[in-house]
Amino acid sequence: MKRFTSIIICISLTLTLCSCGRGLKRFEKSFMDVFDTASSIVAYDTDEKAFEAHFEELHELLVQYNNLYDIYNSYEGVTSIKDINEKAGLSPVKADERIIELLKFGKKAYEISDGAVNICLGSVLSIWHEYREEGKRLPDMNELKKAHEHADINDLVIDDDNSTVFFADSEMKLDVGAIAKGFAAQKASEYAKENFWSSALINLGGNVTTFGIKPGGAKWVVQIENPDKNSSEALATIPVVDKSVVTSGDYQRYYEVDGKRYCHIIDEKTLMPADRYSSVSVICNDSALADALSTALFILPYDEGKKIVNSLDGVEAVWVDKEYNIINDEL
């Protein structure tokens, strides 16, 4: 998926911590088997047995989202994004409603971001993925331009009534890396809040979403990682309630050619890796939106990104330039 952990969460590494108000205790568990990234869940529950049961239920839900949104693998009994990429150019493909929801949000993200986030850019992104895995050279621009001819989001046809997906351009491919983790984190958070926990933090490889306050009234605290690896200090420490925090950066997933770093976030206008910032973080009440916006703002010039942030209620962002300076002073 889109990126490895870019946010360090202020949580301990032990499973069970101290007893807190109203008889609730704090528990944490980490896992590595969803969205190809290190993840963790922290929640307040009555006892360890209850937490384990609730964790397993939520973990299974996240596994389902992982399998549905996977662009690289197929799973028995599941139609994944990979399967849709292989078949939807020939005829409409029946898809799980959770994929339909994700793709509809992808179209919304395209509009909100002024086209910076395009889930139909898979033909281009797959080329960059191959070259990044090889780690030796850059793609040929003619190859990228040819692939970009098959990235028109209007060619993504979603039939709500029949729950199907069709590509009007048979060579188009989906890549949902800019939105999948945030969307899954938001859905998991809503499920947990509705069914068993009143206060929890879900961290899917840096896509952090929280709900509720801790027993005793304390807020959750999230630290945004400093992209300057020579610094031991966090970029910012943020107390949050019912908020998500997502960061996009150039310091986790990248490769170097002739001494220059090329990150994994591609600017559709240039077909090259975005190169304006070291990181961009977004704070808002929806993890899916924060995920999409962090990518969009990392790609766009500051003035354009700032305009998008100002047009949305309850959204904050912080940009960090190539010299690790915070450009704006919102945090």
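Everything here concerns the structure above.
Values in this document were obtained by computation on a predicted structure and should not be read as measured data.

Along the backbone of the chain there are 8 helices and 18 strands. At 20 Å, the chain has a C-alpha radius of gyration in line with the 20 Å of a compact globule built from 331 residues. If you line up the chain on its principal axes, its C-alpha atoms span 60 × 50 × 40 Å. Counting all 331 residues of the chain, 55% fall into the buried class. Partitioning the intrachain contacts of the chain with sequence separation of at least 6 by distance along the chain shows that 63% fall at a separation of at least 24. When the accessible surface of the chain is totalled, it reaches about 14600 Å², and 47% of it is carbon and sulfur. A gap of 2 Å separates the mean positions of the 35 positive and 55 negative side-chain charges of the chain.

A complete count under the given rule lists 11 salt bridges for this structure. For K187, the salt bridge is made with E101, and the minimal N-O distance between the two is 3.1 Å. Here K187, found in helix α6 (residues 180-195), pairs with E101, found in helix α3 (residues 97-112); they are 86 residues apart in sequence, far enough to count as distant. Between E225 and K229 there is a salt bridge, with its nearest N and O atoms 2.6 Å apart. Look at the salt bridges and you will find they share partners, linking D250, K260, R261, D275 and K322 into a network.

Moving on: helix α8 (residues 302-311). Since the α-helix turns once every 3.6 residues, residues separated by three or four places project in the same direction. All buried positions along α8 are accounted for by G305, K306, I308 and V309. End-on, the buried residues of α8 take up no more than an arc of 160 degrees, which puts them together on one face. Seen from the buried face of α8, the exposed residues on the opposite side, beyond 90 degrees, are D303, K307, N310 and S311. The secondary structure elements touched by the buried residues of α8 are α3, α7 (287-299) and β18 (316-320).

For helix α1 (residues 48-69), built from 22 residues, the straight-helix expectation of 32 Å at 1.5 Å per residue is met to within 8% by its first-to-last C-alpha distance of 31 Å. A distance of 3.2 Å separates the backbone nitrogen of K49 from a side-chain oxygen at the start of α1, and that oxygen is part of D47.

Counted according to the given criterion, the structure contains 13 aromatic pairs. Considering the side-chain rings of Y191 and F196, the 6.0 Å spacing of their centres and the 75 degrees angle between planes classify their relative orientation as edge-to-face. A ring pair is formed by Y302 and W319, whose centres lie 4.7 Å apart and whose planes are at 75 degrees; its orientation type is edge-to-face. Of this pair, Y302 sits in helix α8 while W319 sits in strand β18, placing them 17 residues apart in sequence. Residue Y302 is classed as partly exposed on the basis of its relative accessible area of 24%. For W319, a relative accessible area of 0% corresponds to the buried category. One aromatic cluster is present, formed by F27, F31, F51, F55, Y191, F196 and W197 through successive ring pairs. Between K260 and the ring centre of Y262, over which it is positioned, the NZ or CZ distance is 5.7 Å.

Attention now moves to the pairing of strand β3 (residues 25-34). The sheet contact formed by β3 and strand β4 (residues 37-45) spans 8 bridges and is antiparallel. When the sheet's bridge partners are listed, V34 is paired in β4 with T37. As consecutive antiparallel partners, β3 and β4 are separated by 2 residues, and within that stretch F35 has a phi angle of approximately 55 degrees, a positive value.

Turning next to the packing of α3 against α7. Where α3 contacts α7, the axes come no closer than 10 Å and their chain directions differ by 50 degrees. With respect to α7, the axis of α3 lies oblique. Regarding α3 and α7, the two cross each other, and that crossing is right-handed. For the pair α3 and α7, contact is made by F105, A109 and I112 and by A288, L289, A292 and L293, respectively. Counted by class, the contact of α3 with α7 contains 7 nonpolar, no polar and no charged residues.

Y69, V176, I179 and W197 are the most contacted members of the largest nonpolar core, which totals 75 residues. With residues near it in sequence (within four places) discarded, I179 still touches L102, F105, G106, A109, V117, I119, D291 and A292. Within the second largest apolar cluster, 15 residues are counted, among which are Y44, L201, V240 and V320.

Ordered in space as β5-β7-β6, the 3 strands form an open sheet in which the pairing is antiparallel. Either end of the sheet is taken by a strand with one partner, and the two such strands are β5 (93-94) and β6 (156-159). With respect to the sheet, α3 is in contact with β6 and β7 (164-167), its orientation differing from that of β6 by roughly 130 degrees.

About the cut-offs
Sequence order sets the numbering: in each chain, residues are counted from 1 along the sequence as written. Only residues with pLDDT of 70 or above have their local features reported here, since the model is predicted, and side-chain atom pairs are shown and tallied only from 80 upward, although totals for entire chains, interfaces and linings are computed over all residues. Only hydrogens and water are set aside; all other atoms, that is, all heavy atoms of the structure, feed into the side-chain values. Labels follow the DSSP assignment, with helices taken as runs of H or I lasting at least four residues and strands as runs of E lasting at least two, numbered in each case from the N terminus. Here the globule rule is a power law, 2.2 Å times the number of residues to the power 0.38, and the radius of gyration is based on C-alpha atoms. The cut-offs for exposure are 20% and 50% of the maximum accessible area for each residue type, with area from a 1.4 Å probe on protein chains only; residues under the lower value are buried, those over the upper are exposed, and the others partly exposed. Here a residue-residue contact requires only that any non-hydrogen atoms of the pair lie within 4.5 Å. Surface accessibility in these figures is a Shrake-Rupley result with a 1.4 Å probe; residues are shielded only by whichever protein chains are displayed. We treat Lys and Arg as the positive residues and Asp and Glu as the negative residues; His and chain ends play no part in the count. For the purpose of locating charges, the reference atoms are NZ of Lys, CZ of Arg, CG of Asp and CD of Glu. Salt bridges, as used here, are contacts in which a Lys or Arg side-chain nitrogen is within 4 Å of a carboxyl oxygen on Asp or Glu. The directions from the helix axis to the C-beta atoms form the arc being described. Each residue after the first adds 1.5 Å to the expected span of a helix. The definition of a polar contact used here is a pair of N or O atoms within 3.5 Å, where within protein one atom must be able to donate a hydrogen and the other to accept one, and adjacent residues in sequence count solely through side-chain atom pairs. Two rings from Phe, Tyr or Trp (for Trp, the six-membered ring) form a pair when their centres sit within 6.5 Å of each other. Planes less than 30 degrees apart are called stacked, planes more than 60 degrees apart edge-to-face, and all others tilted. Lysine and arginine charges are scored as sitting over a ring when NZ or CZ, respectively, is within 6 Å of the ring centre and within 35 degrees of the ring normal. For two strands to be treated as a pair, DSSP must find no fewer than two bridges joining them. Under this scheme, a helix contributes an axis fitted over its contacting stretch, all axes are lines through C-alpha atoms, and angles between N-to-C directions fall in the 0 to 180 degree range. Under this scheme an angle from 65 to 115 degrees is roughly perpendicular, one under 35 degrees roughly parallel, and one over 145 degrees roughly antiparallel; angles in between are oblique. By definition, any crossing whose near helix is turned counterclockwise from its far helix by less than a right angle is left-handed, and any crossing with a clockwise turn is right-handed. Polarity classes work like this: nonpolar for Ala, Val, Leu, Ile, Met, Phe, Trp, Tyr, Cys and Pro, charged for Asp, Glu, Lys and Arg, and polar for all others, with Gly in that last group. For the purposes of this section, nonpolar cores are sets of buried Ala, Val, Leu, Ile, Met, Phe, Trp, Tyr and Cys residues that join through side-chain atoms within 4.5 Å.

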